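# Summary of structural features
Read off the chains here:
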Amino acid sequence: MEECSIKAKNLTKRFGQLIAVNRVSFCARPGEVYSLLGPNGAGKTTTIKMLATLLQPTAGEAWIKGYSILREPHHVRRTIGLVPQDLTADDELTGWENVLIQARLYGYSGNEAEKRAREALEFMGLMEAAHRKVSTYSGGMRRRLEVAMSLVHSPEVLFLDEPTLGLDVQSRRHLWGLIEELKKQGKTILLTTHYMEEAEALADRVAIIDLGKIVAEGSPEELKSRIKGEVIHLKLRDPGLANGLAESLARELGVEAEPKGDTVVVRVQSSGETLPSLIRLVSGMPIVEIRIVKPNLEEVFLELTGRRLREEEGFDVFRFRVMSRRVRR
Ligand SMILES: Nc1ncnc2c1ncn2[C@@H]1O[C@H](COP(=O)(O)OP(=O)(O)OP(=O)(O)O)[C@@H](O)[C@H]1O
Ligand SMILES: [Mg+2]
């Protein structure tokens, strides 16, 4: 039998009429970053909550390092670290206090608890800010603190539920680097995200999840290779020429070409094969930019589900949650 650090078998969760997670099965191997990629409401958090023994499945079963989530929840909890989607640190306490409390909750006392808290904070680059109240931390520091809290008991398996939600590009990349370090230490990481760049950058394998179901699974490369061809964008100085150019490209090269404003979007099997004849054809035309777009996971998702991963572009869920929490106080 294949060795799995996390094995889910037909994991299912119903909330009344809604099937939030629908017969989800997968195997995350030791030392692997396995990502659940899907839009809002896909069932990512519900899956993680069941695996972390915080939510009872309606049906199905799962094992973490061979421990059953149904029959051995205590062992499962010792084996896993969880960074939940909603921040859990107490922002009236310091980072140090939060991590130390976590270490004590796991049963470490005295010097051992302090040593573990220090190691976790150091690893996440938070020692300098350790004695500041969490309320003074930036978004990126808060997320790193959550990871530090999940590491105090040296878990072999880590669940990271949208660890970079709402972070700017720089903080996101910083956290990616740390996640890679954790992987090098041999931890198995289950990462949920709706950022396809994140899944592409970190994951060994990705399961695309939509409406509670895994619709495709594979390495980012395998998933992208399902999309045939590439897209070439030809931007013209004069938008009035786009129609004519699209028509002549379609006629001469037998490719799919569509005018979009000042740009002609050309779909080809392989840009390497088409580019030389395409460039010959457009020479003399006022082209200001040629851009080749390789297929990405967003397109894989679109092809599989007919929808985009990020439907509410511009709406920052994380900021909204933090804001609404402040208003409630
Ligand atoms: N306790 C609950 N009671 C009823 N419905 C729930 C409950 N928890 C989740 N759901 C529903 O289950 C579905 C899956 O939710 P889930 O939080 O797992 O999605 P997600 O993929 O984590 O989404 P997001 O990207 O927004 O975090 C959603 O339709 C959600 O409204
Ligand atoms: Mg979620």
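This write-up is about the structure you can find in this document. This is a predicted model, so every value here is computed, not measured.

### A look at the site of ligand 1
Close to ligand 1 lie 13 residues, the nearest being G41, K44, T45, T46 and Q85. Taking N40, its side chain carries an N or O atom lying 3.0 Å from an oxygen atom of ligand 1. K44 is positioned with one of its side-chain polar atoms (N or O) 2.8 Å from an oxygen atom of ligand 1. Starting from 640 Å² of accessible surface for ligand 1 in isolation, the protein chains cover 62%. Secondary structure elements with two or more residues in the shell around ligand 1: strand 2 (18-28) and helix 1 (44-51). Counting residues per element, the shell around ligand 1 draws most heavily on helix 1, which supplies 3 residues. A breakdown of the residues in the shell around ligand 1 according to their chemical character gives 5 nonpolar, 6 polar and 2 charged.

### Focus: the packing of aromatic side chains
The geometry of an aromatic ring pair is captured by two quantities: the separation of the ring centres and the angle between the planes. Per the stated rule, a full pass over the model turns up 1 aromatic pair. Across the ring face of Y108, the terminal group of R116 is positioned such that the distance to the ring centre comes to 4.1 Å. The residue whose ring lies beneath R172 is Y195, and the NZ or CZ to ring-centre distance is 3.8 Å.

### Description of the sheet that holds strand 12 (residues 256-260)
The strands that make up a sheet pair up through hydrogen bonds in the backbone, lying either parallel or antiparallel. Taken together, the 4 strands give an open sheet; going across it, the order is 12-13-11-14, and neighbouring strands pair in antiparallel fashion. Looking at strand neighbours, the two that pair on one side only are strand 12 and strand 14 (287-293), the edges of this open sheet. Taken pair by pair, the neighbouring strands of this sheet meet at an average axis angle of 20 degrees, ignoring direction.

### Description of the environment of T94
Tracing the chain through its elements places T94 in the loop between strand 6 (80-83) and helix 3 (95-105). Note: C-alpha distance between T94 and A216 (122 residues apart in sequence) is 42 Å. Setting aside residues no more than four positions away along its own chain, T94 makes contact with A130, H131, R132, K133 and V134.

### Some words on the coordination of the magnesium ion (ligand 2)
Within the protein, the atoms that donate to the magnesium ion (ligand 2) are T45 (OG1) and Q85 (OE1), at distances of 1.9 to 2.0 Å. Separated by 40 residues along the polypeptide, T45 in helix 1 and Q85 in the loop between strand 6 and helix 3 bring together distant segments of the chain.

### Some words on a nonpolar patch on the surface
The grouping of I279, I290 and I292 at the surface amounts to a nonpolar patch, some 240 Å² of accessible area in total. As for its placement among the helices and strands, I279 is situated in helix 10 (residues 271-282).

### Points about the environment of L202
Looking at the element boundaries, L202 is found in helix 7 (residues 196-202). As a C-alpha pair, L202 and S35 span 167 residues in sequence and 8.3 Å in three-dimensional space.

### Overview of the sheet that holds strand 10 (residues 213-218)
The 6 strands lie next to each other as 6-7-8-3-9-10, forming an open sheet whose pairing is mixed. Each edge of the open sheet is held by one strand with a lone partner, namely strand 6 and strand 10. With direction set aside, neighbouring strand axes in the sheet form an average angle of 15 degrees. By the bridge criterion, 4 bridges tie strand 3 (residues 33-37) to strand 9 (residues 205-210) in an arrangement that is parallel. Bridging across to strand 9, Y34 finds its partner in R205.

Calculation notes
- Chains are numbered independently. Their residues run from 1 in the order of the written sequence.
- For this description, chains carry letters from A and ligands carry numbers from 1, given in the order in which they are written.
- Predicted model: local features are reported for residues with pLDDT of at least 70 only, side-chain atom pairs are reported and counted for 80 or more only, and whole-chain, interface and lining totals are derived from all residues.
- The side-chain numbers reported here are obtained from all heavy atoms of the structure, hydrogens and water having been left aside.
- We call a residue near a molecule or strand whenever a single non-hydrogen atom of that residue lies within 4 Å of it.
- Any N or O atom pair separated by 3.5 Å or less is treated as a polar contact, with the protein-specific requirement of one donor-capable and one acceptor-capable atom, and with residues adjacent in sequence counted only for side-chain atom pairs.
- The method behind every accessible area is Shrake-Rupley, applied with a 1.4 Å probe, and residues are considered shielded solely by the protein chains displayed.
- Each helix is a run of H or I in the DSSP string that is no shorter than four residues. Each strand is a run of E no shorter than two, and both are numbered from the N terminus.
- Lys, Arg, Asp and Glu make up the charged group, whereas Ala, Val, Leu, Ile, Met, Phe, Trp, Tyr, Cys and Pro make up the nonpolar group; the residues left over, Gly among them, are polar.
- A pair of Phe, Tyr and Trp rings is counted when the ring centres sit within 6.5 Å of each other, with Trp represented by its six-membered ring. The angle between the planes then sorts it: under 30 degrees is stacked, over 60 is edge-to-face, the rest tilted.
- Note on geometry: a ring has a charge over it if NZ (lysine) or CZ (arginine) is within 6 Å of the ring centre and within 35 degrees of the ring normal.
- Should DSSP find at least two bridges between two strands, the strands are taken to pair.
- Each axis is a line fitted through C-alpha atoms, and for a helix only the stretch in contact is used; angles between axes span 0 to 180 degrees, taken between their N-to-C directions.
- When checking whether two residues touch, look at their non-hydrogen atoms; a contact exists if any pair is within 4.5 Å.
- Donor selection uses N, O and S atoms within 2.8 Å of the metal (3.2 Å for Na, K and Ca). Since no water is included, sites may look incomplete.
- A residue counts toward a patch only above 30% relative accessible area and without a salt bridge, and it is joined to like-charged neighbours within 9 Å or, for Val, Leu, Ile, Met, Phe, Trp and Tyr, to nonpolar neighbours within 5 Å.
- Salt bridges are defined as contacts in which a side-chain nitrogen from Lys or Arg sits within 4 Å of a carboxyl oxygen from Asp or Glu.

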